[in-house]
Amino acid sequence: MDRFAAMIILLGGLVTAVLVLLALFTIAPITCSCLVSLLYTLYLFIAYEESGLHYAQEFENRFWTGFGVLLSTALFFAADSPVAFGLYSPGLGLIGIVLSGYFMHVWDRYTHRISISQQTNIRRSSTANTSLIRLRDLGIPVEEQLDHINSCLQEIDQLLIPSTINNFINQRFVLLKEREIITVFEECDARALNYLIGHVKLGLLFYKIKDHRHFNGKNRTELINLLAIERLPILSVVSRVIILHSLQLLKLRANPRAEHWVRNILLKTHQDELSELKTLMDAKGDYFCMNKLIYDDIRSESVRQDILNHIRREAAIQQTNIQMGTRRARHIVPMQWRKVLSDVDDTLYCSGGMYPAGVDRRYPRKTVYPGVLGFYRELDIGTQGPEEWKENSVGNLVFLSARPHLYKDISEKINFAKFEKLRTRRGDGRQGLHTMPSLLAGDLTSGSQFLYQNDFEPLAKKKFDNFRRYVSIYPEYQHVFVCDNGQGDVRAGELMWDAFPYEFETLFVHVVQDIRQTYGYAAKRWREKEFRGRVIFFRNFVEAALRAANQNPPMIRIRGLRRICSDAAKDFMQINNWTSDAMKSSRRHELNQSLWEANCFLTRHCEQPADLIQADPRYFIGEKVRTPYGLAIIRGFDPTFDLYQVELDWRPLHIQVAEYLKETKDATIRPKNSVVPPLVRSQTEAIHLETVDEVDEGQEDDVLASSTDVETSGLCDLVSEQWESHVNTQPVVSEAQSVGESSQESGQPSSEASAAGGRRDIPVRSCSDGAIETGTQSLSADQSGTLRAICNMQALLKRDEKGNVMNGRGFVHASVHGQFISKHTAPTLPKFSDKSRASLFPFLQTPTPKCAIFKAGDECTTPYGPGRIVELREKKGCVVVEMVNWHATGYMRLETVKHVSHSLFSKLVWQLSLAEKPLDFPYADGTIINTPFGKGRVFQPLPPTRPRGKKAAMTPTIGMRLENWKLANGAHPQLFCTVESARGWKDKKAERPSIFSSAIEQSTSAIGKMVESSRTLLSPLLVKKNKPLEPKLSVQYYKDSASVSTLFGDGVIKAFRSVDGFYEVSLSQCALANGSFATAFLRKNCIRHRVAVGCQEGE
């Protein structure tokens, strides 16, 4: 679905909604007015998350409660409401309002309680200090302490009673339980404290413990102050992450001291522990990340700057230690220090061309690209990290999505659910997404500008703004951006390089459309700013991995490249929702080409090559199929290259018929019971009849000669078989073919093929458009045939002394690629029935004679178009018909000619068929074309029929009259040009304005016309008549008889026209047949003074 279809659907939805709303207003205006007001209030509440209603969960709960009360009031008490039972029973209506408000209150509390009760999704290894078994051995009663905290929390948290009412009724009991929880956190040691923080529902605990109004009741402040300040030095990095996450769930704006608690936790974390804390914050798999914490949750600019300055300072210390190789740097676990940023649509998933997601249609929609997950993993590992990814490690993957952020985390939840599904390990040994990524979403402003104006610049700037924030949080890392060229990602990558050239490492661009159509692509500008070397274009992720391994220094390991190749092949085999076999075959060939190139690289570095993707056989052995060389029978199949060994019967037709008759006669006398091997044909085996097109001997020699030269024709190699020996001759492999014997044994194609007879090697390479390049020539996709499929046989047809092909038995074996083979369907004979199909309603059917009776002048329809009857020849059973739309006379049988029905629809169709179709450019006379010389009208178009003979070899031209020019005799100059030039002038149009600008322009022009017409009517009364202005005459520069030089040679000025400024020049070098000289009419800028022989200008 393209943009036009999406806009039509959106417009249709809006129009339908407006019409439905207007219809409802006509039925129930009071109820609809109330509902529209409430919906607008709900929109304001959701759209403005920065308002004070979102500062605390209590404020949001009160809003939803009030919204439920107002909505139920409008439904129960409006006069035109369909459920207005409150008008008849006010008490019952009041009870309904109270129940609706209470239900909304409980529902909001329940959903919020579920969200804050979920613990952080951090995969981490269990250390000895936090292990439950280790704590038991040390005699620490951590299980009893955890059970005591959970029981106290359960007694405080009442599901059906609001916390405000519960605290007012049971204040003393609530204070006692809150004090017991605080005491447990105060008295436990460091190991137990880290265990309790990791296993208790800390977010729900912070929310349920309140700051009561009296002096000794500030329990929430006391608990958070205990964990974030007093006991912070003994907390691990994971425990600090959990506390920050719980504060985000609580909402920092709910407590004025929350920002200072966050500041203290981050400022008391240093160097590598700070990097680990930031990474863990982004790897929780939810919306609450470091970017939201620093730039959205923290409102104080001074607190934000303190945190960012601390991050930059610690990052500088880390980089200094690594560069100088200090003792602290030697104890650091080796890692790559690289953040992998990626787009989602058309980079991770294929959009299937669905607007506005993307434009890629090469794979089925919502398909994960083969090898993309392994590519992310190996970029994260790099060349300095561990050899393989450990199970509980935390990665550095983040997605930059253009999809807008909606209320809270509605849109983010959908994406994180997809990421969690990708993390599951595959059953065939493939690794899923190696880590839980972070997500930086777009906004509604940039998304709306892209939808309505088709402008990619706001999307690019939004992604750059997210990247700018992200770099300020992770200044110690290098950043790689993986994107596609379908929207504004490439422009965003250029902005990233311009602002952060040291932090930005490489831009990987997935090519999903022509590179020249990429938004922001400017090769010249990129070379000037040295950005072109940082951009890598690729069509699949095996190619991207190969380019990454070839970088200097390499970005991934060589073994990592092989792992990506293996994962890509397995990912491809798991795709089962292909829309067509041609799509699957094309993608398999493209991926195998990259796998082969990667295998060549792996072989050079002494690594084991990866397996190519095997093709599934679509035809069984012995099946009859259709090939470009005629009908054939399948005799074998090569799944690596998707090649079918087929048997072609190229014998003359009379030999096939004779053998078929003999076989039929033998079969009636003695049926065959023996089983014949598929590749060995006996003398009595049945021969398949084929239809052979007869050609002359010269054409036959050309065809047979072309089949033996791979370098000239590019078609498949053929192998004849010695049937007399009843064994299959071993095919001889040519040295000039694209696949060598060594490469066939290893299961991969060869990059070069040696020419026979000491000829030079011919490199064979597949092009992006399906063509093949062999040496210095390039074959198209149609001409390349099975050479593009890597044929592995060459013709061994016997020839006599004169070079003619010997007949032999005429059976030929060929290897043909699967995409050039189709299933053969035997033709069926037509069935004739004596009885016509009876009507279901015979009483409505008008009886018609078996043979229609025609007379001269009747209108009729024929297989060749409409016509009129000229003569009826009943004895011969035919009619003479004069065609209407073209000059021809047909002699047709009565069965093929039909009367024109007298119904209105039939007459309309008849009139439309009689209408002559107007000719289009360049065959139409009078076509208007805007040429560089002015407006022109075609007076000599191309003839409708193509000329033959010598005229056909000439370049066709058309003639135009330039209507803006007028000669002295009143005629217009004539311009003759080629069809290509005229089509270029005709197709050159101004850019189409948008719908809104065109509407404004039309309205402005309409108003202007109204004003102009009114001024015209009142002008005799308001304006005095002035004398008409005399035309401005041109001044003659070159005098008469002056010698001048023109584009057509030297000449002499004969006359000058002051009306239009043209000079009449007699061309002395252009003598005509009658002895006179040609005359040219030129302007001043086309003439200059003639320079005498031997002189130069300026002397």
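Residues numbered from 1 in each chain as written. Predicted model: local features only at pLDDT ≥ 70, side-chain atom pairs only at ≥ 80, totals over all residues. Heavy atoms only, no water.

**Focus: the sheet that holds strand β21 (residues 898-899)**
Consideration 1: The antiparallel open sheet is built from 5 strands, whose spatial order is β20-β19-β18-β17-β21. Edge positions in the sheet fall to β20 (889-893) and β21, since each of these pairs with one other strand and no more.
Consideration 2: Where strand β18 (residues 865-873) lies against strand β19 (residues 878-883), 6 bridges are found, and the strand directions are antiparallel. Each residue of the ladder has a partner; that of Arg873, found in β19, is Cys878. (Pairing = 2+ DSSP bridges. Helix = DSSP H or I, 4+ residues; strand = E, 2+ residues; numbered from the N terminus.)

**Some details on the sheet that holds strand β5 (residues 504-510)**
Consideration 1: Spatially, the 6 strands line up as an open sheet ordered β3-β2-β1-β4-β5-β6, and their pairing is parallel. Looking at strand neighbours, the two that pair on one side only are β3 (438-442) and β6 (535-538), the edges of this open sheet. On average, adjacent strands in this sheet sit at an angle of 20 degrees to one another, irrespective of strand direction.
Consideration 2: Examined bridge by bridge, β5 and β6 share 4 bridges and lie parallel to one another. (Axes fitted to C-alpha atoms, helices over the stretch in contact; angles between N-to-C directions.)

**Let's talk about a nonpolar patch on the surface**
Consideration 1: Together, Tyr102, Leu159, Leu160, Ile161, Ile165, Phe168 and Ile169 make up a nonpolar patch on the protein surface, roughly 770 Å² of accessible area in all.
Consideration 2: Per element, the largest residue contribution to the nonpolar patch is 3 residues, and it comes from helix α7 (residues 163-169).
Consideration 3: Among the secondary structure elements, Phe168 is positioned in helix α7. (Patch = residues over 30% accessible without salt bridge, like charges linked within 9 Å, V, L, I, M, F, W, Y side chains within 5 Å. Areas by Shrake-Rupley, 256 points an atom, 1.4 Å probe, with all protein chains shown as cover. Salt bridge = Lys/Arg side-chain N within 4 Å of Asp/Glu carboxyl O.)

**Focus: helix α9 (residues 190-199)**
Consideration 1: Among the 10 residues in α9, 7 count as buried, and that is most of the element.
Consideration 2: Buried-residue contacts for α9 involve α5 (132-137), α6 (142-156), α8 (171-187), α10 (202-208), α11 (219-230) and α12 (237-250). (Buried < 20%, exposed > 50% of the residue type's maximum accessible area, 1.4 Å probe, protein only. Contact = heavy atoms within 4.5 Å.)

**A short note on the packing of α11 against helix α13 (residues 258-267)**
Consideration 1: Running from N to C, α11 and α13 point in directions that differ by 15 degrees, and their axes come no closer than 9 Å. When the axes of α11 and α13 are compared, the pair comes out roughly parallel. Relative to α13, the crossing made by α11 is left-handed. Residues Thr221, Ile224, Asn225, Ala228 and Ile229 of α11 form the contact with α13, whose participating residues are Trp261, Asn264 and Ile265.
Consideration 2: Considered class by class, the residues forming the contact of α11 with α13 number 5 nonpolar, 3 polar and no charged. (Parallel < 35°, antiparallel > 145°, perpendicular 65-115°, else oblique. Left-handed = near helix turned anticlockwise from the far one by under 90°. Nonpolar A, V, L, I, M, F, W, Y, C, P; charged D, E, K, R; others polar.)

**Details of the pattern of salt bridges**
Consideration 1: Taken as a whole and judged by the stated rule, the model has 47 salt bridges.
Consideration 2: Of the charged contacts, one joins Arg525 and Glu494 as a salt bridge, the two residues approaching to 2.8 Å between their closest N and O atoms. Here Arg525 is found in helix α23 (residues 523-528), whereas its partner Glu494 is found in helix α22 (residues 489-499), with 31 residues between them in sequence.
Consideration 3: Judged by its relative accessible area of 0%, Glu494 is buried.
Consideration 4: A single network of salt bridges, built from pairs that share partners, joins Arg377, Glu378, Glu387, Arg557, Arg563 and Asp567.

**What to know about the environment of Ala1080**
Consideration 1: Along the chain, Ala1080 falls in strand β29 (residues 1077-1082).
Consideration 2: Taking C-alpha positions, Ala1080 is 9.8 Å from Ile1053, a pair spaced 27 residues apart along the chain.
Consideration 3: Ala1080 has contacts with Tyr1063, Glu1064, Val1065 and Leu1067, leaving out every residue within four places of it along the chain.

**As for helix α19 (residues 410-423)**
Consideration 1: In this model, α19 (14 residues) spans 21 Å end to end at C-alpha, consistent with the 20 Å of a helix rising 1.5 Å per residue.
Consideration 2: Of the residues making up α19, those classed as buried are Ser411, Glu412, Asn415, Phe416, Phe419, Leu422 and Arg423. Each buried residue of α19 sits inside an arc of 125 degrees when the element is viewed along its axis, so together they form one side. Across from the buried face of α19, at angles greater than 90 degrees, the exposed residues are Lys413, Ile414 and Lys421.
Consideration 3: Buried-residue contacts for α19 involve β2 (397-404) and β3. (Expected span 1.5 Å × (residues − 1). Arc of directions from axis to C-beta.)

**A closer look at the confidence of the model for the protein chain**
Consideration 1: On average, residues of the protein chain score 77 in pLDDT, and 75% of them are at 70 or above.
Consideration 2: For residues 948-952, every residue scores under 50 in pLDDT, and the model assigns this stretch 1 contact once sequence neighbours within four places are set aside.
Consideration 3: Between residues 1013-1025, whose pLDDT stays under 50, and residues either more than four places distant or in other chains, the model counts 0 contacts. (pLDDT = per-residue confidence, 0-100.)

**Some points on the nonpolar core**
Consideration 1: Residues Phe185, Ile197, Leu202 and Leu227 are the most contacted members of the largest nonpolar core, which totals 93 residues.
Consideration 2: In terms of residues, this core owes the most to one element, α12, which gives 9 residues.
Consideration 3: Those residues in contact with Phe185, other than ones at most four positions away along the chain, are Ile149, Leu193, Leu196, Ile197, Val200, Leu205, Leu223, Leu226, Leu227 and Arg231.
Consideration 4: Listed in part, the 52 residues of the second largest apolar core include Val372, Leu422, Ala549 and Phe572. (Core = buried A, V, L, I, M, F, W, Y, C linked by side-chain atoms within 4.5 Å.)

**Things to note about unusual backbone geometry**
Consideration 1: Here the residue pair Tyr355 and Pro356 is connected by a cis peptide bond, since its omega of 5 degrees sits within 30 degrees of zero.
Consideration 2: You can see Pro356 is positioned in the loop between β1 (338-342) and α18 (372-381).
Consideration 3: Residue Pro553 is reached from Asn552 by a cis peptide bond, and omega for that bond is 0 degrees.
Consideration 4: The residue Pro553 is located in the loop between α24 (541-549) and α25 (558-573) in this model.
Consideration 5: Phi at Asp346 is positive, roughly 65 degrees, even though this residue is not glycine.

**Re the packing of aromatic side chains**
Consideration 1: According to the stated counting rule, one finds 39 aromatic pairs in the structure shown.
Consideration 2: Ring geometry for Phe63 against Trp64: centres 5.5 Å apart, planes inclined by 70 degrees, an arrangement best described as edge-to-face.
Consideration 3: For Phe63, a relative accessible area of 15% corresponds to the buried category.
Consideration 4: Linked through ring pairs, Tyr363, Tyr369, Phe375, Phe508, Phe538, Phe541, Phe572 and Trp578 together constitute an aromatic cluster.
Consideration 5: Over the aromatic face of Tyr207 sits the side chain of Lys210, whose NZ or CZ is 4.2 Å from the ring centroid. (Phe/Tyr/Trp six-rings, centres within 6.5 Å; stacked < 30°, edge-to-face > 60°. Lys NZ or Arg CZ within 6 Å of the ring centre and 35° of its normal.)

**Digging into the environment of Asn550**
Consideration 1: Assignment of secondary structure puts Asn550 in the loop between α24 and α25.
Consideration 2: Judged by its relative accessible area of 46%, Asn550 is partly exposed.
Consideration 3: Linking Asn550 and Phe601, residues 51 residues apart in sequence, is a C-alpha distance of 9.1 Å.

**Some details on a positive patch on the surface**
Consideration 1: On the surface, a cluster of positive charge is made up of Lys524, Arg527, Arg532 and Arg547.
Consideration 2: Tracing the sequence through the fold places Arg532 in the loop between α23 and β6. (Lys, Arg positive; Asp, Glu negative; His and termini not counted. Charge placed at Lys NZ, Arg CZ, Asp CG, Glu CD.)

**Looking at the packing of α12 against helix α14 (residues 271-282)**
Consideration 1: Close contact between α12 and α14 brings their axes to 9 Å; oriented N to C, the two are set at 45 degrees. Between α12 and α14, the interaxial angle falls into the category oblique. Crossing of α12 against α14: the hand is right-handed. Contacts from Val237, Val238, Arg240, Val241, Leu244 and Gln248 in α12 reach Glu273, Glu276, Leu277, Leu280 and Met281 in α14.
Consideration 2: Class assignment for the residues of the contact of α12 with α14 results in 7 nonpolar, 1 polar and 3 charged.

**Details of the environment of Val398**
Consideration 1: Take Val398: it is sitting in strand β2.
Consideration 2: Taking the C-alpha atoms as reference points, Val398 and Val340, separated by 58 residues in sequence, lie 6.3 Å from one another.
Consideration 3: Ignoring any residue separated from it by four or fewer positions in sequence, one finds Val398 in contact with Val340, Leu341, Ser342, Ser438, Leu439, Leu440 and Tyr470.

**Remarks on the side chain of His212**
Consideration 1: The topology assignment puts His212 in the loop between α10 and α11.
Consideration 2: When its relative accessible area of 8% is taken as the criterion, His212 is described as buried.
Consideration 3: Within the structure, His212 has its side chain in polar contact with the side chain of Glu178 (distance 3.1 Å).
Consideration 4: For His212, the residues in contact, after removing those within four places along its chain, are Asn167, Val174, Leu175, Glu178, Gly217, Lys218 and Asn219. (Polar contact = N/O pair within 3.5 Å; in protein donor to acceptor, adjacent residues only side chain to side chain.)

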